[in-house]
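# Coordinates in review
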Amino acid sequence: MKVQINSNWEKLLNSEFRKPYFTDLVDFVKNAYRKTVCYPPGTDIFRAFNECPLDDVKVVIIGQDPYHGPKQAHGYCFSVSNSIPHPPSLINIFKEIETDLGLEYPKSGDLTPWARQGVFLLNATLTVEANKAGSHQKIGWETFTDSVIRIISEKKENIVFMLWGSYAKQKTNLIDSLKHCVLKSGHPSPLSANRGFWFGNKHFSKCNSYLKEVGKNEINWSLDK
C-alpha cells in the first residue's frame, strides 16, 4: 500500500505504513469512501503533511476531527476551504488573533498560508463520514497521529505546540517539554471560549516571541493579502 505523502515525511513514516494497524486503517478508509460520503476529499487526507514537510515545521496545532459538513474539511485542522462560512471555533481563533496581534479579521478561512510557513495543522483523526462527527475515531488514526507527534518531538527542536482543549492536552506526554515550547489553553469552541477558557491566551504573540528568541522566522498570522 502506497500512501501519497511528501517524501520528507515518507522516509520517517514508512515503517508506520507497514504496520498491521495501518493496513487495516487504509482498508477501512477505502471501504468507507466507496460506500458513503466522507471528508476531506481523498486527495486532501494528507494535505497537512504535503504542504508542511517535517523539515519546515515550526508550529504544531492539534485538532480532533475533520469538519463533517459539505465542502468544509480540506486536510487541515480548524481550516475551511475558501468561500466557506467560518465555523464557530475558527471564528474564535480569528477573534483572538485580532485582539492579540491587532490583525483584521480575515475573509478566508483557508489556513494554507500558515501551513506554508511551517504551521503543521494536524487533526488526530484524518477522515470522517458526512454528518457523523467522530465516526472515524478509534480505528487507527489516533495511533498514527500520536506517532507523528512523537517523531516531531524527537527529530526537531524548539517547536511550538499549541494544545487547545482537553483532548489536545492529552498529547502532552508525547512531547519533550524540555526542548519545545508547549502552550495550553481551553478550546476555541463557543462552549469553552464563552466560559473564559480561550480568549486572552495570547498564544499567537507568545508563539512568535518564542520563535524570535530561538532564531526562527516569526509566523505571519494574517491571511488576507
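Described in the following lines is the structure provided in the data block.

When you go through the protein chain residue by residue, the secondary structure sums to nine helices and six strands. At 17 Å, the protein chain has a C-alpha radius of gyration in line with the 17 Å of a compact globule built from 225 residues. Considering only C-alpha atoms, the protein chain reaches an extent of 45 × 35 × 35 Å along its principal axes. Out of the 225 residues in the protein chain, the part that is buried amounts to 55%. A separation of at least 24 residues holds for 66% of the contacts in the protein chain among residues at least 6 apart in sequence.

Interaxial distance between helix 1 (residues 7-17) and helix 6 (residues 141-155) falls to 11 Å at its minimum, and their mutual angle equals 135 degrees. Classified by the interaxial angle, the pair formed by helix 1 and helix 6 is oblique. Note on packing geometry: the crossing formed by helix 1 with helix 6 is right-handed. When helix 1 is examined against helix 6, the residues Trp9, Leu12, Leu13, Glu16 and Phe17 are found in contact with a partner set consisting of Thr143, Phe144, Ser147, Val148, Ile151, Ile152 and Lys155. Taken together, the residues of the contact of helix 1 with helix 6 sort by class into eight nonpolar, two polar and two charged.

This paragraph deals with the packing of aromatic side chains. Taken as a whole and judged by the stated rule, the model has 21 aromatic pairs. Centroid distance Phe22 to Phe144: 5.2 Å. Interplanar angle 50 degrees. Geometry classified as tilted. With Phe22 in helix 2 (residues 20-35) and Phe144 in helix 6, the pair connects residues that are 122 residues apart, well separated along the chain. Residue Phe22 shares its accessibility class with Phe144, and that shared class is buried. Consider the rings of Trp114 and Phe204, whose centres lie 6.4 Å apart with planes at 50 degrees: the pair is tilted. Here the residue Trp114 occupies a position in helix 5 (residues 112-115), and Phe204 occupies one in helix 9 (residues 203-213), the gap between them amounting to 90 residues. Owing to a relative accessible area of 1%, Trp114 belongs among the buried residues under this scheme.

What follows concerns the sheet that holds strand 3 (residues 119-123). One open sheet holds the four strands; their spatial order is 3-2-5-6, and the pairing between them is parallel. The outermost strands of the open sheet, each flanked by one partner alone, are strand 3 and strand 6 (181-185). Here the average twist between neighbouring strands, direction ignored, is 20 degrees. With four bridges connecting them, strand 2 (residues 59-63) and strand 5 (residues 160-164) associate as parallel partners. Across the sheet, Ile61 pairs through a bridge with Met162, a residue of strand 5.

Note that soluble globular proteins tend to have their nonpolar side chains buried in a common cluster. Core analysis: the biggest nonpolar cluster contains 68 residues, and Phe49, Trp114, Phe120 and Phe144 have the highest contact counts within it. For this core, the element with the most residues is helix 6, which contributes six residues. Not counting residues up to four positions away in its chain, the partners in contact with Trp114 are Ile61, Ile93, Phe94, Ile97, Val119, Leu121, Phe204, Asn220, Trp221 and Leu223.

The next thing to look at is helix 4 (residues 88-101). For helix 4, spanning 14 residues, the distance from its first C-alpha to its last is 20 Å, which sits close to the expected 20 Å at 1.5 Å a residue. Within helix 4, the full set of buried residues consists of Ser89, Leu90, Asn92, Ile93, Phe94, Glu96, Ile97 and Asp100. Immediately beyond the C-terminal end of helix 4, within one or two residues, lies Gly102, with a positive phi of roughly 75 degrees.

The rules we used
- Residues numbered from 1 in each chain as written.
- Predicted model: local features only at pLDDT ≥ 70, side-chain atom pairs only at ≥ 80, totals over all residues.
- Heavy atoms only, no water.
- Helix = DSSP H or I, 4+ residues; strand = E, 2+ residues; numbered from the N terminus.
- Rg over C-alpha atoms; globule rule 2.2 N^0.38 Å.
- Buried < 20%, exposed > 50% of the residue type's maximum accessible area, 1.4 Å probe, protein only.
- Contact = heavy atoms within 4.5 Å.
- Axes fitted to C-alpha atoms, helices over the stretch in contact; angles between N-to-C directions.
- Parallel < 35°, antiparallel > 145°, perpendicular 65-115°, else oblique.
- Left-handed = near helix turned anticlockwise from the far one by under 90°.
- Nonpolar A, V, L, I, M, F, W, Y, C, P; charged D, E, K, R; others polar.
- Phe/Tyr/Trp six-rings, centres within 6.5 Å; stacked < 30°, edge-to-face > 60°.
- Pairing = 2+ DSSP bridges.
- Core = buried A, V, L, I, M, F, W, Y, C linked by side-chain atoms within 4.5 Å.
- Expected span 1.5 Å × (residues − 1).

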